[in-house]
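# Structural features, examined
Chain residues, written in single-letter form:
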Amino acid sequence: MEKMVMGFQLGVIGALFLSVASSVSIVICNKALMSNLGFPFATTLTSWHLMVTYCTLHVAQRLNFFETKSIDMKTVILFGILNGVSIGFLNLSLGFNSIGFYQMTKLAIIPFTVLLETIFLNKQFSQKIKMSLLLLLLGVGVASVTDLQLNLVGTILSLLAIATTCVGQILTNTIQKRLNVSSTQLLYQSAPFQAAILFVTGPLLDQYLTKQSVFAFSYSPLVLGFIILSCLIAVSVNFSTFLVIGKTSPVTYQVLGHLKTCLVLGFGYTLLHDPFTSRNIIGILIAILGMGLYSYFCTYENKKKQLVDLSSPQVKDRDSNTPLLGHQDRESEVKKSNKDSLV
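Computed from a predicted structure; not experimentally measured. Counting from 1, residues in each chain are numbered in the order their sequence is written. Under the rules for a predicted model, residues below a pLDDT of 70 receive no local features and side-chain atom pairs below 80 are neither given nor counted, while totals for whole chains, interfaces and linings still include all residues. Hydrogens and water molecules were not included; the side-chain quantities draw on all heavy atoms of the structure.

Our next topic: the side chain of Thr-53. Runs of E in the DSSP output that reach at least two residues are strands. Runs of H or I that reach at least four are helices, and both are numbered from the N terminus. Relative to the helices and strands, Thr-53 resides in helix 2 (residues 42-62). In this structure the side chain of Thr-53 is engaged in a polar contact, spanning 2.8 Å, whose partner is the side chain of Asn-238. Only heavy atoms enter the contact rule, under which two residues are in contact if any of them lie within 4.5 Å. What Thr-53 contacts, discounting residues up to four positions off in sequence, is Leu-187, Ala-234, Val-235 and Asn-238. Polar contact is defined as a pair of N or O atoms within 3.5 Å, subject to the rule that within protein one atom must be able to donate a hydrogen and the other to accept it, and that residues adjacent in sequence are counted only when both atoms are side-chain atoms.

Side chains bearing opposite charge may pair, as long as their charged atoms lie close to each other. What makes a salt bridge here is a side-chain nitrogen of Lys or Arg within 4 Å of a carboxyl oxygen of Asp or Glu, nothing more. Taken as a whole and assessed by the stated rule, the structure comprises one salt bridge. We note a salt bridge from Glu-117 to Lys-123, for which the minimum N-O separation is 3.9 Å. For each residue, the accessible area found with a 1.4 Å probe, counting protein chains only, is set against the maximum for its type, and the residue is called buried under 20%, exposed over 50%, and partly exposed in between. Judged by relative accessible area, Glu-117 falls into the buried class, the value being 3%.

A word on the nonpolar core. As used here, the term nonpolar core means buried Ala, Val, Leu, Ile, Met, Phe, Trp, Tyr and Cys residues forming a set that is joined through side-chain atoms within 4.5 Å. Ile-110, Ile-129, Leu-133, Leu-136, Val-251, Val-255 and Tyr-294 are the most contacted members of the largest nonpolar core, which has 20 residues in total. Beyond its immediate stretch of four places on either side in the chain, Leu-136 contacts Ile-110, Val-255, His-258, Ala-287, Gly-290 and Met-291. Counting residues in hydrophobic clusters, the runner-up holds 14 residues, among them Val-76, Val-181, Ala-191 and Phe-242.

The next point concerns the packing of aromatic side chains. Between rings of Phe, Tyr and Trp, where Trp is taken as its six-membered ring, a pair exists when centres lie within 6.5 Å; planes separated by under 30 degrees are stacked, by over 60 edge-to-face, and by other angles tilted. Taken as a whole and assessed by the stated rule, the structure comprises 12 aromatic pairs. Between Tyr-54 and Tyr-188 the ring centres are 5.4 Å apart and the planes differ by 15 degrees, which places this aromatic pair in the stacked class. Of this pair, Tyr-54 sits in helix 2 while Tyr-188 sits in helix 7 (residues 183-210); the two residues are 134 residues apart in sequence, bridging distant segments of the chain. The rings of Phe-39, Phe-41, Trp-48, Phe-217 and Tyr-219 are connected pair by pair, giving a single aromatic cluster.

Here we come to the UniProt feature "transmembrane region" (unreviewed entry) in the protein. UniProt positions are given in the numbering used here, feature names are shortened, and annotations may be inferred rather than shown by experiment. Under the present numbering, the feature "transmembrane region" (unreviewed entry) in UniProt falls on residues 33-55, 76-94, 100-121, 156-174, 186-205, 217-239 and 278-297. Here residues 33-55 is 78% helix and 0% strand, with 23 Å between the C-alpha atoms at its ends. Taken as a whole, residues 186-205 contains 100% helix and 0% strand, while its terminal C-alpha atoms sit 27 Å from one another.

This part is about the side chain of Ser-93. Among the structural elements, Ser-93 can be located in helix 3 (residues 73-96). Looking at Ser-93, its side chain comes within polar contact range of the side chain of Ser-158, at 2.8 Å. Discounting residues that sit within four places of it in the chain, Ser-93 has contacts with Tyr-102, Thr-105, Leu-157 and Ser-158.

A word on the packing of helix 4 (residues 99-120) against helix 5 (residues 127-144). Here an angle of 0 to 180 degrees is reported between the N-to-C directions of two axes, which are lines fitted to C-alpha atoms, with helices fitted over the stretch in contact. It is at 10 Å that the axes of helix 4 and helix 5 come closest, and there the two elements cross at 175 degrees. Regarding the angle of helix 4 to helix 5, the classification is roughly antiparallel. Facing helix 4, whose interface residues are Gln-103, Leu-107, Ile-110, Pro-111 and Val-114, helix 5 presents Leu-133, Leu-136, Leu-137, Val-140, Gly-141 and Ser-144. For classification purposes, angles smaller than 35 degrees are called roughly parallel, those larger than 145 roughly antiparallel, those between 65 and 115 roughly perpendicular, and all remaining angles oblique.

Written out as structure tokens, the structure is:
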């Protein structure tokens, strides 16, 4: 039992490290590509990321690095489209709002996720965890939010971005656990649909926001090199995103995202010589304190829950007798396991 717990914890730590390292790397790469080399087509670039991710996973599957698991096509298509749409709404939110309001939109994802999980999944968050999240959001807000300019269209787009992102990340976690599929299997099956919707809408969206055409852009060898590098890093980003959400929770993934924001601010100052103020430093320190408290309280409550589960096996046996795991339905589950659906 202890070995299983230790192995799971090492897996979580590895997933978190991979997510942070790859995300910070791709932000720095994309910032150089867009700011220094003048390639502004973010949505189109994301579609290329997803296509390269799918091709990489397809090769890995052919080489038997992982096995595919059949998931109901309707579930996969709707899930893939939802994630693609959420990316589009986030980019539109950035296009129609100020940087400060866009940062507030990203900050709002955590409380909305907590609210949705509490209402629809009956998940309980202790007061200590809520306070640590509040401290984290305060710190990131102080460090990254500058101006707040409101407009009706931008506000509507931000609300749609928040809603689709929250639901998409909750489904990422729920599908993996309810249908017993790995992060690799889910990403492999959903990536083509995410890539397809962004591949079609990306050039139009980017042209509307930037007044430039991705097809008329002058692609120098240096720009192509950075695009290829960005796509390769994106494979790790996409894989680690699904891995972290599957092993932890959507809220933990968002907390990790704000850690990345703090690291990007720090790397931007040291590597790219971005302006850095005392307000940035204070905000980052508050955010790190909030993250530390969140990690401590989550670890403490998980250990407490494990002790309760181990000390009451009778209760655990009774709770496991549900329609999803019930012994009387075991034969029918085996027959259905090749084609699961949440829709």
